[in-house]
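The chain contents come next:
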Amino acid sequence: MAARKATGKTNKVSKKVQDLATNTESADGQFITTNQGVRYSDDHNSLKAGDRGPSLLEDFIFREKMTHFDHERIPERIVHARGVAAHGVFKLYKDMSRFTKAGFLTDTGRETPVFVRFSTVAGSRGSTDLARDVRGFAVKFYTEEGNFDLVGNNMPVFFIQDAQKFPDFVHAVKPEPHNEIPQAASAHDTFWDFVSLNTESTHMVLWAMSDRAIPRSLRMMEGFGVHTFRLINAKGEAFFVKWHWKPLLGMHQVAWDEATIISGKDPDFHRRDLFEAIEMGNFPEWELGLQIVPEADEHKFPFDLLDPTKIIPEELVPVQRIGRMTLNRNPDNFFAETEQVAFHVAHIVPGIDFTNDPLMQGRLFSYTDTQLSRLGGPNFHEIPINRPIAPVHNNQRDGIHRMTINQGKSSYTPNTVGGGCPFLAGKMDGGFASYTERIDAHKVRARSKSFFDHFSQAALFYNSQSEPEKLHIINAIRFELGKVETKEIRERMLGVLNQVDKDLAAQVAYGLGMKVPPQPKQLNFSVPADVDPKTYQPLKQKQGPERSGALSMIANSPTGDIRTRKVAVLVADGVREGDINAVKKALAAAGAMAEVIAPRGVIKTAEGGMMEPDKTLRTVASVLYDAVYVPGGANSAATLEAEDDAVEFLNQAYKHCKPLALSSEADVLLQATRFAKDLTGTEADVENGVVVHSNAGKLAKQFVTAMGQYRFWQRELAKATA
Ligand code: HDD
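Residues numbered from 1 in each chain as written. Predicted model: local features only at pLDDT ≥ 70, side-chain atom pairs only at ≥ 80, totals over all residues. Heavy atoms only, no water.

The protein supplies the iron atom of the ligand with one donor atom, Tyr-367 (OH), which lies at 1.9 Å. Inspection of the secondary structure assignment puts Tyr-367 in helix 10 (residues 358–374). (Donors = N, O, S within 2.8 Å, 3.2 Å for Na, K, Ca; no water. Helix = DSSP H or I, 4+ residues; strand = E, 2+ residues; numbered from the N terminus.)

All right, on to the site of the ligand then. Around the ligand, the structure places 22 residues, and the nearest of them are Arg-77, Arg-117, Arg-363, Tyr-367 and Gln-371. One of the side-chain nitrogen or oxygen atoms of Ser-366 is found 3.2 Å away from an oxygen atom of the ligand. The separation between an oxygen atom of the ligand and a polar side-chain atom of Gln-371 is 2.7 Å. In terms of residue count, the dominant contributor to the shell around the ligand is helix 10 (seven residues). Of the residues in the shell around the ligand, the class split is 10 nonpolar, nine polar and three charged. (Near = heavy atom within 4 Å. Polar contact = N/O pair within 3.5 Å; in protein donor to acceptor, adjacent residues only side chain to side chain. Nonpolar A, V, L, I, M, F, W, Y, C, P; charged D, E, K, R; others polar.)

Right, let's get into helix 10. An α-helix turns once every 3.6 residues. As a result, residues three or four positions apart point the same way. Here helix 10 is 17 residues long and its end C-alpha atoms lie 25 Å apart, about the 24 Å a rise of 1.5 Å per residue gives. By the burial criterion, the buried members of helix 10 are Leu-359, Met-360, Arg-363, Leu-364, Gln-371 and Arg-374. Where helix 10 is buried, its residues touch strand 4 (146–153), strand 6 (229–232) and helix 9 (334–339). Near the N-terminus of helix 10, the side chain that reaches the backbone nitrogen of Leu-359, with its oxygen 2.8 Å away, is that of Asp-357. (Expected span 1.5 Å × (residues − 1). Buried < 20%, exposed > 50% of the residue type's maximum accessible area, 1.4 Å probe, protein only. Contact = heavy atoms within 4.5 Å.)

This part takes up the packing of helix 12 (residues 467–482) against helix 14 (residues 502–512). Helix 14 packs onto helix 12 with a crossing angle of 45° between their chain directions and a minimal axis gap of 9 Å. Comparing their axes, helix 14 and helix 12 come out oblique. Crossing hand, helix 12 versus helix 14: right-handed. Where helix 12 abuts helix 14, its residues Ile-473, Ile-474, Ile-477, Arg-478, Leu-481 and Gly-482 lie against Leu-504, Gln-507, Val-508, Tyr-510, Gly-511 and Leu-512. For the contact of helix 12 with helix 14, the residue count by class is eight nonpolar, three polar and one charged. (Axes fitted to C-alpha atoms, helices over the stretch in contact; angles between N-to-C directions. Parallel < 35°, antiparallel > 145°, perpendicular 65-115°, else oblique. Left-handed = near helix turned anticlockwise from the far one by under 90°.)

Turning to the environment of Ala-86, a few remarks are in order. Along the chain, the position of Ala-86 falls in strand 1 (residues 83–92). Between the alpha carbons of Ala-86 and Val-114 there is a distance of 8.4 Å; along the sequence they are 28 residues apart. Among residues more than four places away in sequence, those in contact with Ala-86 are Val-114, Phe-115, Val-116, Leu-274, Ile-278, Leu-327, Arg-329 and Pro-331.

Glancing now at the sheet that holds strand 11 (residues 566–570). If you trace the six strands from one edge of the open sheet to the other, you get 15-12-11-16-17-18, paired in parallel fashion. The open sheet has two edge strands, strand 15 (615–616) and strand 18 (690–693), and neither has a second partner. In this sheet, strand 12 (residues 593–598) lies alongside strand 11 in parallel orientation, the contact comprising five bridges. When the bridges of strand 12 are listed, Leu-570 appears paired with Ile-597. Seen against the sheet, helix 20 (residues 696–707) touches strand 11, strand 16 (627–630), strand 17 (660–663) and strand 18 and runs at an angle of roughly 170° to strand 16. (Pairing = 2+ DSSP bridges.)

Domain boundaries assigned for the protein yield domain 1 (49–186 + 221–263 + 281–386) and domain 2 (566–721). Placing a centre on the C-alpha atoms of domain 1 and another on those of domain 2 gives a separation of 39 Å. Listed per partner, the contact involves nine residues of domain 1 and 10 residues of domain 2. Between domain 1 and domain 2 the total buried area reaches about 800 Å² when both faces are included, carbon and sulfur atoms providing 58% of it. For domain 1, the biggest contributors to the area lost against domain 2 are Gln-253, Glu-258 and Ile-261; these three give 48% of the whole. Put simply, domain 1 and domain 2 have three salt bridges between them. A salt bridge links Lys-655 to Asp-257; the nearest nitrogen and oxygen atoms lie 3.3 Å apart. Counting across the domain 1 and domain 2 interface gives five residue pairs in polar contact (both at pLDDT 80 or more). In terms of residue class, the side of domain 1 that touches domain 2 is built from four nonpolar, three polar and two charged. (Domains from an automatic or database assignment. Buried area = accessible area lost by both parts, 1.4 Å probe. Salt bridge = Lys/Arg side-chain N within 4 Å of Asp/Glu carboxyl O.)

The grouping of Phe-62, Met-66 and Phe-69 at the surface amounts to a nonpolar patch, some 280 Å² of accessible area in total. For Phe-69, the location among the structural elements is in helix 3 (residues 60–70). (Patch = residues over 30% accessible without salt bridge, like charges linked within 9 Å, V, L, I, M, F, W, Y side chains within 5 Å. Areas by Shrake-Rupley, 256 points an atom, 1.4 Å probe, with all protein chains shown as cover.)

A word on the packing of aromatic side chains. Tallied over the full model, the rule gives 29 aromatic pairs. Here Tyr-629 and Phe-703 contribute two aromatic rings whose centre-to-centre distance is 5.5 Å and whose plane-to-plane angle is 50°, an arrangement assigned as tilted. Note that Tyr-629 is positioned in strand 16 and Phe-703 in helix 20, a separation of 74 residues in sequence. Pair check on accessibility: Tyr-629 and Phe-703 agree, each one buried. Put simply, the rings of Phe-90, Phe-104, Phe-118, Phe-137, Phe-141, Phe-148, Phe-229, Trp-243, Trp-245 and Trp-286 touch in pairs and so form one group of aromatic residues. Sitting over the face of the ring of Trp-256, Arg-132 holds its NZ or CZ atom 5.0 Å from the ring centroid. Stacked on the ring of Phe-343, the Lys or Arg Lys-140 has its end atom at 5.2 Å from the ring centre. (Phe/Tyr/Trp six-rings, centres within 6.5 Å; stacked < 30°, edge-to-face > 60°. Lys NZ or Arg CZ within 6 Å of the ring centre and 35° of its normal.)

In structure tokens, the structure reads:
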């Protein structure tokens, strides 16, 4: 694993730890053996009394193989079951020792190995990648001072403020208990019942209904630590910090209709995309950003820094980009690494500390607890992927699946029989000491009133979206609430939305054929028991920016950068090979790639040669590509025009607002599409992302420029109903 490579670079890490972390096996050139190392000669037939007789119990080879197989699944994660991961490195740009003493944030000469697991939250392990859902973004930094896990999401806030509610929230969003429907979807009664009764969820609900929940690629989404953490410097001074990951490819989304089709065409779309990008050397990269707030400024914001349903708008505290993470290696074995990796918010290193965020405090308990049942016992830290590169020495012993063979007679402290080892590490030796925060309080089950504003930042988020993004949110909520069978839940939710934005509520209500209820209608279980939820008016604070530029994906997508995008080149017999080469060349120069797709597995080009396409129309669809190109060759276009799948390919690409380029020779195909009637034959078509040209070189050039805009969402706005 990457962790091992790094150990070679540091003297602090013992050879013994490197050896422990190895545990790899390759069967290349080896004989097959049982788990006891016994070679055997037949792995196709069980031992029988005669070749047509019954199997014999003494067949230890069969029994060993079958017993192992019968136990080869472990419980999937309660949440974030569906995931994919990669190895990489983190490199610091800037010494942050003014704020923290954590080595990986102060030593610009280090390369810290990382293992990153992305996930969806609600679905089972086998569910689709393209569910509308939050994405987990969990990073394990194997630092020289121990493992630091940044267990975040691709959204900077959460549905609840206190961990006490986490099991309720998860039960509500998971498939309903009586029939286990629906899989990997929040579009059902129990989710909306819960969030409409807990208005603290409103901000996060809007994020989850936005395009953030349907990323184009895991490589093209932001990450957030969500909670406010602390940084502690060598002098013992503390600073509040929010963690951000900023993707260098920008943020991109798919259309919702597209997401639903991808779920059928390729449920592994995101995992395949990540795997292939890394195999091709297109290493995904993010910059680590920090928002740092001095302790003295804790109460200067119109929201509580401890409230995980709030962001710190970047206009109030800018994000400093301090380093870069590059994912450069796929795991060798999905189960051993991706499935067995155990993240934990409580895995911190000296220089980082917690705050009293009540959601974070609950998480500090939950993650170890869940590993005990998922990974079977207390020694999961010894599984290779979980081992720190820093040496581990303590008096913990035994337990199920213990790997370490501890030597010596002492397993306690203090001791003399072991020479007092392992020694306690004082501050000068890099020992962790908790931040000595002063606490003077009554023991209560309560929520701070500073957590009561449930709508200001929901409104901030909505107001900060571009028009197409607002439309996507409206349509997403119409879709989700449209699937809610209980009218009272839909109505209650409209009441909640009305507190965020009147137009949003009205538009959703129109789509549902309902009326926005008069206020106040909703119950609110986000307030303490001594407040009557029926009469409670949530606090809405007016301070802070009206809009925040960082919240819109579209506003934060770099235009002109088409690196790693995938183009479908539709061809049939008679295609001009020269045109294909022209577009391939132009795309390669811009860092994008093309796949040639034909109705069947071999075609004849206009130049007379034979060509094997990369894919056939039977196995792919336009939803799997970022843009579509149709080269010249009148026969090719005529053949494609007669293929329903080819015409549909273009129709879908247009519907999903993708750039399209067609040779003028492909006009017959263009005329067969549904969108031909929307075209004007003028410059307006190019502005709308549809490029037609007779010259292959010019067509390719204009196409690459159009792709720089990613999507032409204005096509949807033109058709939107309100
Ligand atoms: Fe959690 C997994 C992120 C709240 C309890 N969580 C899990 C993973 C991520 C997050 C990324 C998957 C890790 C992996 O890839 O293996 N969780 C979050 C974020 C939260 C959050 C960003 C809010 C800010 N989680 C949260 C709470 C609790 C949990 C409040 C419980 C009190 N989370 C868990 C868990 C999981 C988990 C049940 C399931 C599998 C695991 O831990 O290892 O313990």
